[in-house]
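Here is what each chain is made of, one letter per residue.
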Amino acid sequence: MCGIVAYVGKRKASNILIKGLKRLEYRGYDSAGIALINNDINVYKCQGRVSDLESILTEEDIHGFVGMGHTRWATHGEPTDINAHPHESMNGDFIIIHNGIIENYSKLKIGLENEGYSFKSETDTEVLANLIEYVFLSHINDDIPFSAEEAVRQALLMVEGAYGLVVIAKSEKDKLIAARKGSPLVIGIGKEEYFIASDATPIIEYTNSVIYLNDGDIAIITKNSLNLTNLKNVSQKPDIKTIDLKLDEIEKGGFEHYMLKEIYEQPKAIKDTCRGRLSFEAKALKLGGLHDVFEELKSAKRILIIACGTSWHAGLVGEYLLEEFTRIPTEVEYASEFRYRNPVINKGDIVIAISQSGETADTLAAIQLAKSAGALVLGVCNVVGSSIPRETVAGVYTHAGPEIGVASTKAFTAQVTVLTMMAMAIGYANKGLTKKEYEDLIDELYLIPEKIEKILEKADFVEKIADLIKDANNALYLGRGYLFPVALEGALKLKEISYIHAEGYPAAEMKHGPIALIDDKMPVIVLATKDHSYDKIVSNIQEVKARKGLIIAVVTEGDTTIKNMADYVIEVPHSDFALAPLLTVIPLQLLSYYTAVKRGCNVDQPRNLAKSVTVE
Ligand code: F6R
């Protein structure tokens, strides 16, 4: 949430900042701003998109080789010009951009007001700007010169909460001071230039050499130097990494929206996630990232999965898979609930944290809690180098590639793929699966990308169905077994991008309440591929039909029974029922995409949402 980009070097900062903000816009898009350092510090900011910011800049404004920019997802204070970042301290000595939440900001604000400070905005960030300035000015007459970075350090020691921030001091305008606690920051290292950003996307065009800041790090950067310390001013050794991210991976590549591109990328994302791990020829499966913990996994007494949103839905599929293939009791928890409800965590428990971004604040906090209780914590993440993989002892990356559309699509199927492989590997090792079952699953998983290609060929048909639901106010998604989490995911996709209220339910639960909602205006999307509960779901479809609900069913190719009952059927190829989530979710993603487009919604940047939820 909130995107940060900063630059010091030999190029015109404004170009880098605006381009960088556009790449980070998926993190927040209610207001944007930049500060450019020429002889003075010039701040330009406004409510709205980066393109709105761009339109208020003129040729005379955009000089200077140092600067910083911010795209905001509002926490404290509405999205307005004044609340947009950067924020200046009262006397103009410091300027700051910030991602995160300063939890004790009201207390700090009262203290500063008592010292004569006044505030222009409602933000916690302006409080921090003034706090830094206050600390700095309190030492202005010291015999030993007091630096701007020391003021930042001392101010941060008074702060509770999370931050990824960049500060520029009026007294040292060639210097960027960056600090991190809880909110991600990455530094790009060029030749006589440095970049700072919330993630690597604004940087990769210029360099693939990066440093991910750790919590408590403070980096002091000029064109020619980088000095890394911590809050206690102890020097830290920079860990320089090379990132393997290509520019075309973060561009739309001819698609109208990132979300559509990412839906279409799923066959490749799954292949990439299986590459080097699953061998169709050798009928083998190896998850290198779990090698060192595999014995513990095999003999785990209990597995706990923690995640949020779509990743939680993938976790629910994971629970079904793990219990079925390994017989190890598995539970899935919302990270936000887990961290605050005093959960039972036993020493031998294995915790699997799932996250696309690897930065979700609640998931990170739940990991800390599980670690402190002695659990072995593993990660399933997509963004390489993000915080969760660094906080966990082992794990498996999904190789879905960058996911930019705010609604998660390819990350979900890649997560389910990883969880399927994990369950298969553990199940085969602990005899939950026979050799034949294991090898059959390998064959089935190998064929999934091809089957998804076939479903994607039906996109035009799904687009027509979207016409039927685009004017609905509500929609119900029903599924059983492995398809219940898919029903939840389908409903989430529809509501988040088209703003149609939608609920996902286990189909049998319909009779315990939601059936009251069904009338001829209610689209009911039923996941009804052939598995052991097929007959039951057929009965549920009859019940909806008897109440005149509009039935859209996702069925196995060749199904004639449901075809005769439903208003529309979308066919998907046959697969092992444990793998059906990977296929059945595809038409639901397309359905929500086309519905949102037909309703004129901003598909890639739905209202009020942001991609990486770095605040709790
Ligand atoms: C929905 C969506 C969110 C995320 C959730 C967790 O389409 O994208 O529900 O799944 O915010 O994010 P990660 O996976 O980054 O932890």
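Owing to the predicted nature of the structure, the values given are computational and were not obtained by experimental measurement. (Residues numbered from 1 in each chain as written. Predicted model: local features only at pLDDT ≥ 70, side-chain atom pairs only at ≥ 80, totals over all residues. Heavy atoms only, no water.)

Draft legend 1. Expanded view of unusual backbone geometry. Cis geometry marks the peptide bond from His85 to Pro86, where omega comes out at 0 degrees. In this structure, Pro86 sits in the loop between β4 (66-72) and β5 (87-88). The backbone phi angle of Asn233 is positive, close to 65 degrees, even though this residue is not glycine. Structurally, Asn233 can be placed in the loop between β13 (225-230) and β14 (240-242). A positive phi angle, near 65 degrees, is found at Tyr499, a position not held by glycine. Structurally, Tyr499 can be placed in the loop between α16 (483-498) and β23 (501-506). Among the residues examined, Tyr499 registers a relative accessible area of 25% and is labelled partly exposed. (Helix = DSSP H or I, 4+ residues; strand = E, 2+ residues; numbered from the N terminus. Buried < 20%, exposed > 50% of the residue type's maximum accessible area, 1.4 Å probe, protein only.)

Draft legend 2. How the structure looks around the sheet that holds strand β20 (residues 376-381). In space, the five strands of this open sheet follow the order β18-β17-β19-β20-β21, with parallel pairing throughout. Edge positions in the sheet fall to β18 (330-334) and β21 (394-397), since each of these pairs with one other strand and no more. On average, each strand axis in the sheet is tilted by 20 degrees relative to the strand beside it, whichever way the strands run. Summarising the sheet, strand β17 (residues 303-307) and β18 pair through five bridges and their orientation is parallel. Looking across to β18, one finds that Ile303 is bridged to Thr330. Relative to the sheet, helix α9 (residues 309-326) contacts β17, β18 and β19 (350-355), its axis offset from that of β18 by approximately 170 degrees. With respect to the sheet, helix α13 (residues 410-429) is in contact with β19, β20 and β21, its orientation differing from that of β19 by roughly 160 degrees. (Pairing = 2+ DSSP bridges. Axes fitted to C-alpha atoms, helices over the stretch in contact; angles between N-to-C directions. Contact = heavy atoms within 4.5 Å.)

Draft legend 3. Region of interest: the packing of α13 against helix α14 (residues 435-456). Two elements in contact, α13 and α14, have axes whose closest approach is 10 Å; the angle formed by their N-to-C orientations is 160 degrees. Between α13 and α14, the crossing angle belongs to the class labelled roughly antiparallel. Remark: the crossing between α13 and α14 carries left-handed chirality. Within the contact between the two elements, α13 uses Thr417, Thr420, Met421, Met424, Ala425 and Tyr428 and α14 uses Lys435, Tyr438, Leu441, Ile442 and Leu445. Residue classes in the contact of α13 with α14 are distributed as eight nonpolar, two polar and one charged. (Parallel < 35°, antiparallel > 145°, perpendicular 65-115°, else oblique. Left-handed = near helix turned anticlockwise from the far one by under 90°. Nonpolar A, V, L, I, M, F, W, Y, C, P; charged D, E, K, R; others polar.)

Draft legend 4. Geometry of the nonpolar core. In terms of nonpolar packing, the biggest core is built from 92 residues, with Ile352 and Tyr477 touching the most fellow members. It is helix α18 (residues 580-598) that provides the largest number of residues to this core, a total of 11 residues. Residue contributions to this core reach at least three from each of two domains, namely domain 2 (253-455) and domain 3 (458-601). Excluding residues within four positions of it along the chain, Ile352 makes contact with Ile303, Leu304, Ile305, Ile306, Leu322, Leu378, Val380 and Met422. (Core = buried A, V, L, I, M, F, W, Y, C linked by side-chain atoms within 4.5 Å. Domains from an automatic or database assignment.)

Draft legend 5. Seen up close, the site of the ligand. Taken together, 15 residues surround the ligand, and among them Ser311, Ser355, Ser357, Thr360 and Glu496 come closest. Between the ligand and Thr360 there is a distance of 2.4 Å, counted from an oxygen atom to a side-chain nitrogen or oxygen. Here the ligand, which alone exposes 400 Å², has 90% of that area covered by the protein. Elements with a minimum of two residues in the shell around the ligand: α9 and α16. Considered class by class, the residues forming the shell around the ligand number five nonpolar, eight polar and two charged. (Near = heavy atom within 4 Å. Polar contact = N/O pair within 3.5 Å; in protein donor to acceptor, adjacent residues only side chain to side chain. Areas by Shrake-Rupley, 256 points an atom, 1.4 Å probe, with all protein chains shown as cover.)

Draft legend 6. Broad picture of the domain arrangement of the protein. The domain architecture assigned to the protein consists of domain 1 (3-249), domain 2 (253-455) and domain 3 (458-601). Put simply, the middle of domain 2 and the middle of domain 3, counted by C-alpha atoms, are 25 Å apart. It is His313, Tyr320 and Ile455 in domain 2 that bury the most area against domain 3; as a group they hold 23% of the surface buried on that side. Joining domain 2 to domain 3, the criterion identifies one salt bridge. Of all the secondary structure elements, the ones that give two or more residues to the side of domain 2 that touches domain 3 are α6 (258-264), α7 (266-274), α9, α13 and α14. Along the lines of polarity and charge, the residues of the side of domain 2 that touches domain 3 split into 19 nonpolar, 10 polar and five charged. (Buried area = accessible area lost by both parts, 1.4 Å probe. Salt bridge = Lys/Arg side-chain N within 4 Å of Asp/Glu carboxyl O.)

Draft legend 7. How the structure looks around the packing of aromatic side chains. On inspection of all chains with the given rule, the structure shows 11 aromatic pairs. Arranged with centres 5.6 Å apart and planes meeting at 35 degrees, the rings of Phe255 and Tyr264 form a pair that is tilted. For Phe255, a relative accessible area of 29% gives the class partly exposed. Summarising the aromatic geometry, the rings of Trp312 and Tyr334 are spaced 4.1 Å apart at their centres and angled 5 degrees between planes, so their arrangement reads as stacked. Placement of Trp312 in helix α9 and of Tyr334 in strand β18 is noted, with a sequence separation of 22 residues between them. Its relative accessible area of 9% is what places Trp312 among the buried residues. Taken together, the ring pairs connect Tyr7, Phe195 and Tyr206 into an aromatic cluster. Stacked on the ring of Phe119, the Lys or Arg Lys109 has its end atom at 5.0 Å from the ring centre. Over the ring of Tyr534 we find Lys530; its NZ or CZ atom is 5.2 Å from the centre of that ring. (Phe/Tyr/Trp six-rings, centres within 6.5 Å; stacked < 30°, edge-to-face > 60°. Lys NZ or Arg CZ within 6 Å of the ring centre and 35° of its normal.)

Draft legend 8. Up close: a nonpolar patch on the surface. A surface patch of nonpolar side chains, amounting to about 230 Å² of accessible area, comprises Phe461, Leu468 and Tyr568. Along the chain, Tyr568 falls in strand β26 (residues 568-572). Taking relative accessible area as the criterion, Tyr568 reaches 32% and is therefore assigned partly exposed. (Patch = residues over 30% accessible without salt bridge, like charges linked within 9 Å, V, L, I, M, F, W, Y side chains within 5 Å.)

Draft legend 9. Up close: the environment of Asn15. You can see Asn15 is positioned in helix α1 (residues 13-24). Assessed through its relative accessible area of 47%, Asn15 is described here as partly exposed. Between the C-alpha atoms of Asn15 and Ile62, which are 47 residues apart in sequence, the distance is 8.3 Å.

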